[in-house]
Amino acid sequence: MTPPTSAALTGIDTHAHIFERDLPLAAGRRYSPEYDARVEQYLAHLDRSGLSHGVLVQPSFLGTDNRYMVEALSRHPARLRGTAVVESDIDGAALDTLEEAGVVGIRLNLIGKSPQAYLSAQWQALFAELGRRGWSVEVQRGIDDIAQVVRPILASGVAVVVDHFGLPSGELDPARGGDRALLELAASEDLWVKLSAPYRSKAGLAQAQASLSRLREAFGHSERLVWGSDWPHTRFEAQTDYAAQVAFMEALLPQAEERQRVLCDNPARLFKIERSA
């Protein structure tokens, strides 16, 4: 497939990480990389797959030091946007600097963490400020209580993006309380879900299709659903690769109209990506 030009929006991968193994790593991390995942490698994957744009997500093991991601954004402003990891006391000038580099959201990886701290007045004030800027807050959390975590963030008026189908056990099943609570939150026009990393839920294609069917029903015609590759698939590198995730996406979204919505229309709106450079 011929690599797309930066002027043509052919598809947006909304979830990828870049890093090098010798970068300073955050204390208390759950994972330490033993290889490099550079932006040039990522862009090559986009080109081979005919995708024009990507969203870089700051990996948790780099903590709040977003410099490596920001430097990549500054070199590829026409193709990339970013989701940063920040502290609750970040000031307006620092947010301005991130915004100028192409950052359009922050991420909260709450796996193994208590979410109570993120209900503080300081975090709520930050969420409200991000809402005023048109940014989003991305949340990674297990399905059992993710709705309880997301609900007060939505109340601040900011868009919330739920990672990886919500990390259900297999498929999203409304018979389970946590799954049902997340689906019910789709009534909020500020809630979004990433169709990404089904392997993190031990979901095959049939289970992902069942999850998509329930999300489609909850959101209405795939509105506020986006796709992400989760490259370089940390901890699952031996099980999948970029081409396999693109093929999975194509099987999950076989209809051209729905694929256009999930790959182009929805993420362009959420991540402030214009159709021409």
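Relevant structure appears above.
What counts and what doesn't
- Residues numbered from 1 in each chain as written.
- Predicted model: local features only at pLDDT ≥ 70, side-chain atom pairs only at ≥ 80, totals over all residues.
- Heavy atoms only, no water.
- Helix = DSSP H or I, 4+ residues; strand = E, 2+ residues; numbered from the N terminus.
- Rg over C-alpha atoms; globule rule 2.2 N^0.38 Å.
- Buried < 20%, exposed > 50% of the residue type's maximum accessible area, 1.4 Å probe, protein only.
- Contact = heavy atoms within 4.5 Å.
- Areas by Shrake-Rupley, 256 points an atom, 1.4 Å probe, with all protein chains shown as cover.
- Lys, Arg positive; Asp, Glu negative; His and termini not counted.
- Charge placed at Lys NZ, Arg CZ, Asp CG, Glu CD.
- Pairing = 2+ DSSP bridges.
- Axes fitted to C-alpha atoms, helices over the stretch in contact; angles between N-to-C directions.
- Phe/Tyr/Trp six-rings, centres within 6.5 Å; stacked < 30°, edge-to-face > 60°.

Undergrad: Which residues make up the overall build of the protein chain, and what are the values?
TA: Looking only at helices and strands, the protein chain features nine helices and eight strands. A compact globule built from 277 residues should have a C-alpha radius of gyration of about 19 Å, and the protein chain, at 17 Å, falls within 12% of that. In terms of principal-axis extent, the alpha carbons of the protein chain reach across some 50 × 45 × 35 Å. Counting across all 277 residues of the protein chain, residues that qualify as buried make up 56%. If you take every contact in the protein chain between residues at least 6 apart in sequence, the share linking residues at least 24 apart comes to 74%. Counting every atom, the protein chain has about 11,600 Å² of accessible surface; 50% of that belongs to carbon and sulfur. Across the protein chain, the centroid of the 29 positively charged side chains sits 2 Å from that of the 36 negatively charged ones.

Undergrad: Which residues make up the sheet that holds strand β8 (residues 225–228), and what are the values?
TA: Hydrogen bonds between backbone atoms are what pair the strands of a sheet, whose relative direction is either parallel or antiparallel. In space, the eight strands of this open sheet follow the order β1-β2-β3-β4-β5-β6-β7-β8, with parallel pairing throughout. Looking at the sheet topology across the chains shown, the edges are occupied by β1 (12–16) and β8. Geometrically, the sheet is characterised by an average inter-axis angle of 25° between neighbouring strands, direction not taken into account. In terms of strand pairing, strand β6 (residues 159–162) meets strand β7 (residues 191–196) through three bridges, oriented parallel. When the sheet's bridge partners are listed, Val160 is paired in β7 with Leu191.

Undergrad: Can you tell me about the packing of aromatic side chains, naming the residues and giving the values?
TA: One pass over the full model with this rule turns up eight aromatic pairs. Relative to Phe61, the ring of Phe19 lies with its centre 5.0 Å away and its plane at 80°, an arrangement referred to as edge-to-face. Placement of Phe19 in the loop between β1 and α1 (39–48) and of Phe61 in the loop between β2 (53–57) and α2 (67–75) is noted, with a sequence separation of 42 residues between them. In this structure Phe61 comes out as buried when scored by relative accessible area, which is 7%. Seen in terms of ring centroids, Tyr199 and Phe236 are 5.1 Å apart; in terms of plane orientation they differ by 45°. Their pairing is tilted. You can see Tyr199 sitting in the loop between β7 and α7 (205–219) and its partner Phe236 sitting in the loop between β8 and α8 (242–252), a full 37 residues away along the chain.

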